[in-house]
Every structure is written in structure tokens, then in C-alpha cells.
Amino acid sequence: TTLFRSKDGRTVKITIPKDYIMIPEVKIFTNFHLFGIKYVYCTIHDMFRWLNDNTIMDGILGIDEAYIEMEARRSGSRMNVTMTHFLQQMRKRKVELYLLVQHGRFLDWRSKYIATRNFTCRYDEKTKKVNLIIKDIRKNKERPISYDATQYWQYYDTDELPEFPEERIEQALALKK
């Protein structure tokens, strides 16, 4: 049993199951407050400021009221496009993404696509092939794709994270003021 103090000051008792395994250093970034666990509170403004310094890496990113930055009716806005580009880097950043919204239709379709697909790549030493599995979380369906990527490896690093254009970040940040 573990005790911690809740938002309203009450002491809350939680019973942790015996077979539960604690992950000590999972980095969690959210634009909302969490209680009883270690996390980094960051606004969307912070997320944009950290685009090129790799602060948000190897962890979990939660965005509450996601329609504010990823509104379905403003898909071409600077804010929405910049946010979509950031979300498309989740695999390279090794970040698990959670978008919180009242209804999925409020989000731009690109943001929904990213948040509801899990892309897993594995290299098979025996066959020398990359096995990609695209899992649609909503439909619980998987689509496997295999290909020989050895001919391309010498030309690039698939995990390299290109820098965002600073002027685009500044333009998106200017919209948040």
C-alpha cells in the first residue's frame, strides 16, 4: 500500500498488486497536471520551444484538449501544421502519444491517424528484411509489410531527427501569445 497526497490535499491510499513492476525512469510530458507520479508539465508553447533541443524524447506525451492545437476545421493553420509535423516524429523521438479530446471528429485527420496507429519495425537477421507492422488501434487490425532495406542503410540513418525551421516555430509560437 502506498500513500500520496491528492490535488485537494487528501491522503489517498493505493494498493499496488504483488505482480506489478515499477518502471523507475519513464519520462512523462503533459500539458495537464498529474498527481502522485513524476512528470514534466509543459504547455504547447514549451513543446514548440523544445522541438530542436530533443527535450521530449524517450517517454510519454499527453496532450489534453488537443482540439485547441489540432482543430479539424483549421487543418491548414500554422499551429496545426507545426503540431502535425511534431507528432509525425513520435517514432524517431521514441515517444508514446496520448491525445485527449471529447470526440475524435474535433481533431484534424492527420493527428487522429498518428494517434491511432502504432508503427513497429523489427529487423530479421536471418532474412535481412525489415518487418513493419502498422496496427490500427481503433479497429484492432494489423497490416504487415516486409522489405529488404540493406541497400539503403549506407545512405541515411532512419532515426536522425531533422531540425524544425526556426521561423516556423516562431510563427506557431506567435499564435499562442
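Above this text is the structure in question.
About the cut-offs
- Residues numbered from 1 in each chain as written.
- Predicted model: local features only at pLDDT ≥ 70, side-chain atom pairs only at ≥ 80, totals over all residues.
- Heavy atoms only, no water.
- Helix = DSSP H or I, 4+ residues; strand = E, 2+ residues; numbered from the N terminus.
- Buried < 20%, exposed > 50% of the residue type's maximum accessible area, 1.4 Å probe, protein only.
- Contact = heavy atoms within 4.5 Å.
- Areas by Shrake-Rupley, 256 points an atom, 1.4 Å probe, with all protein chains shown as cover.
- Pairing = 2+ DSSP bridges.
- Axes fitted to C-alpha atoms, helices over the stretch in contact; angles between N-to-C directions.
- Polar contact = N/O pair within 3.5 Å; in protein donor to acceptor, adjacent residues only side chain to side chain.
- Patch = residues over 30% accessible without salt bridge, like charges linked within 9 Å, V, L, I, M, F, W, Y side chains within 5 Å.
- Salt bridge = Lys/Arg side-chain N within 4 Å of Asp/Glu carboxyl O.
- Lys, Arg positive; Asp, Glu negative; His and termini not counted.
- Charge placed at Lys NZ, Arg CZ, Asp CG, Glu CD.
- Phe/Tyr/Trp six-rings, centres within 6.5 Å; stacked < 30°, edge-to-face > 60°.

A. Structural view of the overall build of the chain. From N to C terminus, the chain includes five helices and nine strands. Across the 177 residues in the chain, those meeting the buried criterion constitute 28%. Considering only intrachain contacts with a sequence separation of at least 6, the fraction spanning at least 24 residues in the chain is 53%. Element-wise, carbon and sulfur atoms account for 52% of the exposed surface of the chain, whose accessible area totals about 12500 Å².

B. Region of the structure containing the sheet that holds strand S8 (residues 129-136). Overall, antiparallel pairing links the three strands, which are arranged S7-S8-S9 in an open sheet. Strands with a single pairing partner mark the edges of an open sheet, and in this sheet they are strand S7 (117-124) and strand S9 (141-147). For this sheet, the mean angle separating the axes of adjacent strands, direction not counted, is 15°. The pairing of S7 with S8 spans eight bridges and is classified as antiparallel. Residue pairing for S8: Cys-121 is matched across the bridge by Leu-132.

C. Inspection of the side chain of Thr-84 at higher detail. Checked against the element boundaries, Thr-84 lands in helix H2 (residues 78-87). Using a relative accessible area of 0% as the deciding quantity, one classes Thr-84 as buried. In terms of polar contacts, Thr-84 uses its side chain to reach the backbone carbonyl oxygen of Asn-80, at 2.8 Å. Those residues in contact with Thr-84 that lie beyond four places of it in its chain are Asp-108, Arg-110, Ser-111 and Ile-114.

D. Representation of a negative patch on the surface. A cluster of like negative charges, contributed by Glu-163, Glu-166, Glu-167 and Glu-170, occupies part of the molecular surface. Take Glu-167: it is sitting in helix H5 (residues 166-176). For Glu-167, a relative accessible area of 52% puts it in the exposed group.

E. Here's a closer look at a nonpolar patch on the surface. A surface patch of nonpolar side chains, about 610 Å² in accessible area, is lined by Tyr-123, Tyr-152, Trp-153, Tyr-155 and Tyr-156. Within the secondary structure, Trp-153 is located in the loop between S9 and H5.

F. A look at the packing of aromatic side chains. By the definition in use, this model includes two aromatic pairs. Ring geometry for Tyr-113 and Phe-119: centres 6.5 Å apart, planes at 45°, overall tilted. On the basis of an interplanar angle of 70° and a centroid distance of 4.9 Å, the ring pair of Tyr-123 and Trp-153 is categorised as edge-to-face. Placement of the pair is Tyr-123 in strand S7 and Trp-153 in the loop between S9 and H5, with a sequence separation of 30 residues. The exposure class of Trp-153 is partly exposed, given its relative accessible area of 41%.

G. Quick look at unusual backbone geometry. Phi at Asp-58 takes a positive value of approximately 50°, unusual for a residue other than glycine. Assignment of secondary structure puts Asp-58 in the loop between helix H1 (44-49) and strand S5 (59-63). Backbone geometry at Asn-140 places phi at a positive 55°, although glycine is not the residue there. With respect to the helices, strands and loops of the structure, Asn-140 is situated in the loop between S8 and S9.

Everything listed here is a matter of coordinates, which is why it stays silent on function.
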